Amino acid sequence: MGRATRWGLVAALCAVLFAVLAVLVAARHGSPYALDESLHRWSVEHRPAAAVAFARAVTTTGTGPVPYLCAIAAGLIAGWGRGVRGRLLTAAGALGFLLLAQGTRYAVLYAVARPRPPVADRVTHASGFSFPSGHTATSALVAGLLAWAVWRTASPAAARLGWVLFACWAVTVGLTRVYLGVHWPTDVLGGWLYALTWLAAALAVEARVGRARVPREAGA
């Protein structure tokens, strides 16, 4: 089984899991499940000032200009050695990928239209609908782009370290959304599944394009 097929299967699995979760959330008209309520309640009851300050600082990195700047940086790094034009095209591709994923996420967000947790339980600003979590999906998408960039350019040891750091960042951003009371846990799970679907699909496409390019280059 080739890389393209493996990544395609991963993308399909994540897409199915995300779709099932979205249907389950929509079927209850956004009402939280027991696990949602339990973890939300725990978060509300365990909020020392230092932990809240840390969560607020981390959660800000999952929105605004930071993710988009990171996507551009990932493209520039991944395009290293391809010349100025090649690096700019790779950066544009990485940014375009993130923008396309974000646009589709907004379509899902408004289609499901899940309400957020009660305003009284929130300790940071949030607006709009809740599923899937935007901060969670965005940080996971960007973490994937950065991991892809270091995989293409760094040594195996440095790449593995980068993967761990980027994954920890994305997971932490997602968890802060629950801790700060602005998302239900299933919103965060949905954000991770959504991002994994897009990242795996992108890797499948890249593997297929790369495989198709090799024979042409060999015969040139």
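Calculation criteria
- Residues numbered from 1 in each chain as written.
- Predicted model: local features only at pLDDT ≥ 70, side-chain atom pairs only at ≥ 80, totals over all residues.
- Heavy atoms only, no water.
- Helix = DSSP H or I, 4+ residues; strand = E, 2+ residues; numbered from the N terminus.
- Rg over C-alpha atoms; globule rule 2.2 N^0.38 Å.
- Contact = heavy atoms within 4.5 Å.
- Buried < 20%, exposed > 50% of the residue type's maximum accessible area, 1.4 Å probe, protein only.
- Core = buried A, V, L, I, M, F, W, Y, C linked by side-chain atoms within 4.5 Å.
- Axes fitted to C-alpha atoms, helices over the stretch in contact; angles between N-to-C directions.
- Parallel < 35°, antiparallel > 145°, perpendicular 65-115°, else oblique.
- Left-handed = near helix turned anticlockwise from the far one by under 90°.
- Nonpolar A, V, L, I, M, F, W, Y, C, P; charged D, E, K, R; others polar.
- Patch = residues over 30% accessible without salt bridge, like charges linked within 9 Å, V, L, I, M, F, W, Y side chains within 5 Å.
- Areas by Shrake-Rupley, 256 points an atom, 1.4 Å probe, with all protein chains shown as cover.
- Salt bridge = Lys/Arg side-chain N within 4 Å of Asp/Glu carboxyl O.
- Phe/Tyr/Trp six-rings, centres within 6.5 Å; stacked < 30°, edge-to-face > 60°.
- Lys NZ or Arg CZ within 6 Å of the ring centre and 35° of its normal.

This paragraph deals with the overall build of the protein chain. Scanning the protein chain for helices and strands turns up eight helices and zero strands. Listing every helix and strand of the protein chain by position from the N terminus yields α-α-α-α-α-α-α-α. Taking 220 residues into account, the globule formula puts the C-alpha radius of gyration at 17 Å, and the protein chain, at 19 Å, falls close to it. By its C-alpha atoms, the protein chain is 65 × 35 × 25 Å across when sized along the principal axes. Contacts in the protein chain between residues far apart in sequence, at least 24 positions, make up 78% of those at least 6 positions apart.

Of the consecutive residues F131 and P132, the connecting peptide bond is found in the cis state with omega at -5°. Along the polypeptide, P132 turns up in the loop between α5 (83-112) and α6 (134-153). A positive phi angle, close to 55°, is found at H29, a residue other than glycine. As for its placement among the helices and strands, H29 is situated in the loop between α1 (3-27) and α2 (34-45). Under the relative-accessibility criterion, H29 is labelled exposed at 69%. We note that A113 has phi near 55°; this positive angle belongs to a residue other than glycine. One can find A113 in the loop between α5 and α6. Take A113: its relative accessible area is 29%, and that puts it in the partly exposed class.

Moving on, we get to the nonpolar core. By size, the foremost hydrophobic cluster in this structure holds 34 residues, and its most contacted members are F131, L141 and L145. When residues of this core are traced back to their parent elements, those giving at least two are α1, α4 (65-78), α5, α6, α7 (156-179) and α8 (185-218). Those residues in contact with L141 that sit more than four places away from it in its chain are F97, L98, A101, Q102, A195, W198 and L199.

Where α4 meets α6, the axes come as close as 8 Å, and the angle between the chain directions of the two elements is 15°. By the criterion of interaxial angle, the relationship of α4 to α6 is roughly parallel. As α4 runs across α6, the sense of the crossing is left-handed. From α4, P67, C70, A71, A74, G75, I77 and A78 reach across to α6, where they touch T138, V142, L145, L146, W148, A149, R152 and T153. Among the residues forming the contact of α4 with α6, the class breakdown is eleven nonpolar, three polar and one charged.

A cluster of nonpolar side chains, V16, V20 and L24, forms an exposed patch at the surface whose accessible area comes to about 250 Å². With respect to the helices and strands, V20 occurs in helix α1. Judged by its relative accessible area of 44%, V20 falls in the partly exposed class.

What follows concerns the pattern of salt bridges. Throughout the structure, instances matching the rule amount to three salt bridges. R114 is the partner of D36 in a salt bridge, and the nearest nitrogen-oxygen pair spans 3.2 Å. Within this pair, whereas D36 is found in helix α2, its partner R114 is found in the loop between α5 and α6, the two being separated by 78 residues in sequence. Taking the relative accessible area as the measure of exposure, R114 reaches 0% and is therefore buried. Its salt-bridge partner being E206, residue R152 comes within 3.0 Å of it at the nearest N-O pair. Highlighted residues: R152 in helix α6 and E206 in helix α8, separated in sequence by 54 residues.

Attention now goes to the packing of aromatic side chains. Tallying each qualifying case throughout the model produces five aromatic pairs. Ring geometry for F97 against W198: centres 6.0 Å apart, planes inclined by 70°, an arrangement best described as edge-to-face. Taken together, the residues span a long stretch of sequence, with F97 in helix α5 and W198 in helix α8 at a distance of 101 residues. With respect to burial, F97 and W198 carry one shared label: buried. One residue, R28, lies across the ring of Y33, its end atom 4.4 Å from the ring centre. A cation over a ring is seen here: R105 above Y106, with NZ or CZ 4.6 Å from the ring centre.

Geometric descriptors of this kind do not, in isolation, establish any biological role.
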